[in-house]
Amino acid sequence: MNTTVLTGRRMNMLGSLWMMTAMALFAVEDALVKAASRTVPVGEVLILFGLGGGVVFACLLALRGQPLFQPEVVSRPMLIRVFFEVTGRLFYVLALALTPLSSATVILQATPLVVVAGAALVFGERVGWRRWSAILIGMAGVVVIIRPGADSFSPLSILALLGMIGFAGRDLASRAAPAAIGTATLGLYGFLAMALAGAIFSGWSLQPFTWPDRGATLALSGAIASGTIAYSCLMRAMRTGEVSAVTPFRYSRLLFGVALGIALFGEALSVQMMVGSGLIVASGIFILWRSRR
């Protein structure tokens, strides 16, 4: 077999391992944020988590000799990105705090579907009827999980949906961001946007700040560590193998999130959850396959 082909396969396998590591750490981050929010107000969790992650990326930029601020940071695409980052972070952390970890994680997996739809509507990218059909099927999976109109429907489940839409808008704005802004700079301002979301929510909810106990401090510290390492693993994954080969492993986050929800928080996996998850994942993988073709 051609040596180049073998090398490509090894790189794709290595990239897939980096991607699964990133998704596992992101799931751990979600679980730790949910644990911290049990004793610490959500706004305070966002502020502490955002500032902690911001400090990590600021130190990383300083070690590389890169500036913390560039004029491009206040460009229109970046300001739009901050708006969607604030929206996504706020509602997703609220979903983690108030709804099951497993359902919030599953709904988040619909983000790539919304990104593809947004790319067609905003950037004019070609999306054929097959991919539009897959997008609709994937969103139907979200409806199956939320179950509007059913007796078991909870309005709180809308929080994860709003968070997912915010993250999709952030990803679309990132594509329009100036090329001069590196991934570490995006990480810095992404975490600062999280702190801003916490400040906004704290001002609205008027919840008093509390001194985190030992358990909450460890949970927040672990969330910051796992989140920043996960981000680095994600960047490594996208730069190691082919994007079309590595990206499908993003959906492994669903497995990790559901497993942590069951193991740590005693959550149950319903039939509706499994059906909705299957529709979302199958639609996402089909869209990736069609995009590769």
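So, a few notes on the structure that sits alongside this text. Only a predicted model underlies this, so the values are computations on that prediction, with no experimental measurement involved.

By size, the foremost hydrophobic cluster in this structure holds 74 residues, and its most contacted members are Val33, Leu46, Phe49, Val106, Ile107, Val142 and Leu234. In terms of residue count, the dominant contributor to this core is helix 9 (residues 214–240) (11 residues).

This paragraph deals with the pattern of salt bridges. Tallying each qualifying case throughout the model produces four salt bridges. When the shortest N-O distance is used, the salt bridge between Asp30 and Arg253 registers 2.8 Å. In this pair, Asp30 is assigned in helix 1 (residues 3–36) and Arg253 in helix 11 (residues 252–265), connecting sequence segments 223 residues apart. Looking at Asp30, the relative accessible area reads 2%, which means it is buried.

Between helix 6 (residues 129–146) and helix 7 (residues 157–176), the shortest axis-to-axis distance is 10 Å and the interhelical angle comes to 155°. Between helix 6 and helix 7, the angle is such that the two are roughly antiparallel. Of the two possible hands of crossing, helix 6 and helix 7 adopt the one that is right-handed. For the pair formed by helix 6 and helix 7, the contact residues are Met139, Val142 and Ile146 on the first element and Ser157, Ile158, Leu161 and Met164 on the second.

This part is about the packing of aromatic side chains. Aromatic rings considered in pairs are described by the distance between their centres and by the relative angle of their planes. Evaluated as defined, the whole model comprises six aromatic pairs. Seen in terms of ring centroids, Tyr92 and Phe167 are 5.8 Å apart; in terms of plane orientation they differ by 70°. Their pairing is edge-to-face. Of this pair, Tyr92 sits in helix 3 (residues 76–98) while Phe167 sits in helix 7, and the two are 75 residues apart along the sequence. Each member of the pair Tyr92 and Phe167 is classed as buried. Each member of the aromatic cluster is reached from another via a ring pair, and the members are Phe49, Phe57, Phe191 and Tyr231. Lying over the aromatic face of Phe265, Lys34 brings its terminal NZ or CZ to 5.5 Å of the ring centre.

Calculation criteria
Residues numbered from 1 in each chain as written. Predicted model: local features only at pLDDT ≥ 70, side-chain atom pairs only at ≥ 80, totals over all residues. Heavy atoms only, no water. Core = buried A, V, L, I, M, F, W, Y, C linked by side-chain atoms within 4.5 Å. Buried < 20%, exposed > 50% of the residue type's maximum accessible area, 1.4 Å probe, protein only. Helix = DSSP H or I, 4+ residues; strand = E, 2+ residues; numbered from the N terminus. Salt bridge = Lys/Arg side-chain N within 4 Å of Asp/Glu carboxyl O. Axes fitted to C-alpha atoms, helices over the stretch in contact; angles between N-to-C directions. Parallel < 35°, antiparallel > 145°, perpendicular 65-115°, else oblique. Left-handed = near helix turned anticlockwise from the far one by under 90°. Contact = heavy atoms within 4.5 Å. Phe/Tyr/Trp six-rings, centres within 6.5 Å; stacked < 30°, edge-to-face > 60°. Lys NZ or Arg CZ within 6 Å of the ring centre and 35° of its normal.

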